[in-house]
Amino acid sequence: MRLVAWQPDDLLRRLDDVVAVYGEAMGYRQELLQTRRGYIGAHVRRQGFRAVATLTTDGRLAGFGYGYTSGPGQWWHDQVRSALGEPAREQWLSDCFEVVELHVRPAAQGHGIGARQLRALLAMADGKTVLLSTPEADEQKSRAWRLYRRFGFADVLRHFFFPGDERAFAILGRELPLAERPAEDAPGIVGI
Ligand SMILES: CC(C)(COP(=O)(O)OP(=O)(O)OC[C@H]1O[C@@H](n2cnc3c(N)ncnc32)[C@H](O)[C@@H]1OP(=O)(O)O)[C@@H](O)C(=O)NCCC(=O)NCCS
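Residues numbered from 1 in each chain as written. Predicted model: local features only at pLDDT ≥ 70, side-chain atom pairs only at ≥ 80, totals over all residues. Heavy atoms only, no water.

Q: A description of the pairing of strand S7 (residues 169-175) should follow, citing residues and the corresponding values.
A: Among the 7 residues that make up S7, 6 are buried, leaving the element largely enclosed by the rest of the structure. Here strand S5 (residues 129-135) pairs with S7 via 7 bridges, running antiparallel. Opposite Ser133, over in S7, you have Ile171 as the bridge partner. (Buried < 20%, exposed > 50% of the residue type's maximum accessible area, 1.4 Å probe, protein only. Helix = DSSP H or I, 4+ residues; strand = E, 2+ residues; numbered from the N terminus. Pairing = 2+ DSSP bridges.)

Written out as structure tokens, the structure reads:
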């Protein structure tokens, strides 16, 4: 497995694979994936866009992650902003990198790929804070939740509903940068 940084055009060239990994990882139906395809195509042009991918030795896509600078006028940013009070807006959204997608093909999960992708993405990210949303789930049982907690992500909003989606989400955040040399025993610092 090889972890690589992707430029916008690298991601666009592999858009079919990106959407396939996304669909497999999230278990989404085909029609939803087509809508997502359009969004992803627009996301790569946003300010502060950063992306990583994990490729197998024969070049297949095992996982990917991307994000960008979160700002007013973006749907996700505006939804989260409207649910936060003024101090929290200033704290979390004034200079924020949003992790938009982070996925690993189910067959490749549980081997540290997600952690490597997240670490690399956050090392490249601009901003003082990082935010992401993830469906509410059992924190002990969900791989995504365990991963984010290990990285020191804290609750910003819980049981939050985005318009048009019946699922409850958590908005999680932490400050940037990540520690350069993580120490296993330092509080709030990731030991991966
Ligand atoms: C969430 C997700 C991206 C995590 O990726 P992953 O590659 O499975 O995660 P990791 O392997 O880094 O971490 C998972 C497990 O591997 C273990 N691990 C970490 N590094 C490891 C390594 N080098 N070798 C072996 N195992 C390792 C971790 O302890 C972790 O164990 P745990 O799940 O029991 O806590 C991935 O599971 C996924 O795509 N899930 C479905 C989609 C999803 O939920 N995406 C996020 C939505 S916001």
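Q: A description of the pattern of salt bridges should follow, citing residues and the corresponding values.
A: If you walk through the whole model with that rule in mind, you get 17 salt bridges. Arg105 is the salt-bridge partner of Glu24, the closest N and O atoms lying 2.4 Å from each other. Placement of Glu24 in helix H2 (residues 15-26) and of Arg105 in the loop between strand S4 (96-104) and helix H6 (113-124) is noted, with a sequence separation of 81 residues between them. Measuring nitrogen to oxygen at the nearest pair gives 2.7 Å for the salt bridge that ties Arg36 to Glu101. Here Arg36, found in helix H3 (residues 30-43), pairs with Glu101, found in strand S4; they are 65 residues apart in sequence, far enough to count as distant. The network of salt bridges with shared partners includes Glu136, Glu139, Arg149, Asp155 and Arg158. (Salt bridge = Lys/Arg side-chain N within 4 Å of Asp/Glu carboxyl O.)

Q: So what about the packing of H2 against H3? Which residues, and what values?
A: Orientation of H2 relative to H3, taken along the N-to-C sense of each, is 130°, at an axis distance of 10 Å. In this view, H2 runs oblique relative to H3, as classed from their interaxial angle. You can see that H2 and H3 cross each other, and the crossing is right-handed. Across the interface between the two elements, Leu15, Asp16, Val18, Val19, Tyr22 and Gly23 from H2 touch Leu33, Arg36, Arg37 and Ile40 from H3. Class assignment for the residues of the contact of H2 with H3 results in 6 nonpolar, 1 polar and 3 charged. (Axes fitted to C-alpha atoms, helices over the stretch in contact; angles between N-to-C directions. Parallel < 35°, antiparallel > 145°, perpendicular 65-115°, else oblique. Left-handed = near helix turned anticlockwise from the far one by under 90°. Contact = heavy atoms within 4.5 Å. Nonpolar A, V, L, I, M, F, W, Y, C, P; charged D, E, K, R; others polar.)

Q: I'd love a proper account of the environment of Gly63, names of residues and values included.
A: With respect to the helices, strands and loops of the structure, Gly63 is situated in strand S3 (residues 61-69). Sequence separation of Gly63 and Ala179 is 116 residues, and the distance between their C-alpha atoms is 24 Å. Setting aside anything within four residues of it in sequence, one finds Gly63 in contact with Val21, Ala53, Thr54, His103, Val104 and Gln117.

Q: Help me get a handle on the site of the ligand, residues and values and all.
A: Around the ligand there are 20 residues in total, and Val104, Gly112, Gly114, Ala115 and Arg146 lie nearest to it. Residue Leu102 places a main-chain N or O atom 3.0 Å away from a nitrogen atom belonging to the ligand. Between Gly114 and the ligand, the recorded distance is 2.7 Å, taken from a backbone N or O atom to an oxygen atom. Alone, the ligand offers 920 Å² of accessible surface; in the complex the protein occludes 71% of this. Where the shell around the ligand is concerned, the elements lending two or more residues are H2, S4, H6, S5 and helix H7 (143-150). With 6 residues, the single largest contributor to the shell around the ligand is H7. (Near = heavy atom within 4 Å. Polar contact = N/O pair within 3.5 Å; in protein donor to acceptor, adjacent residues only side chain to side chain. Areas by Shrake-Rupley, 256 points an atom, 1.4 Å probe, with all protein chains shown as cover.)

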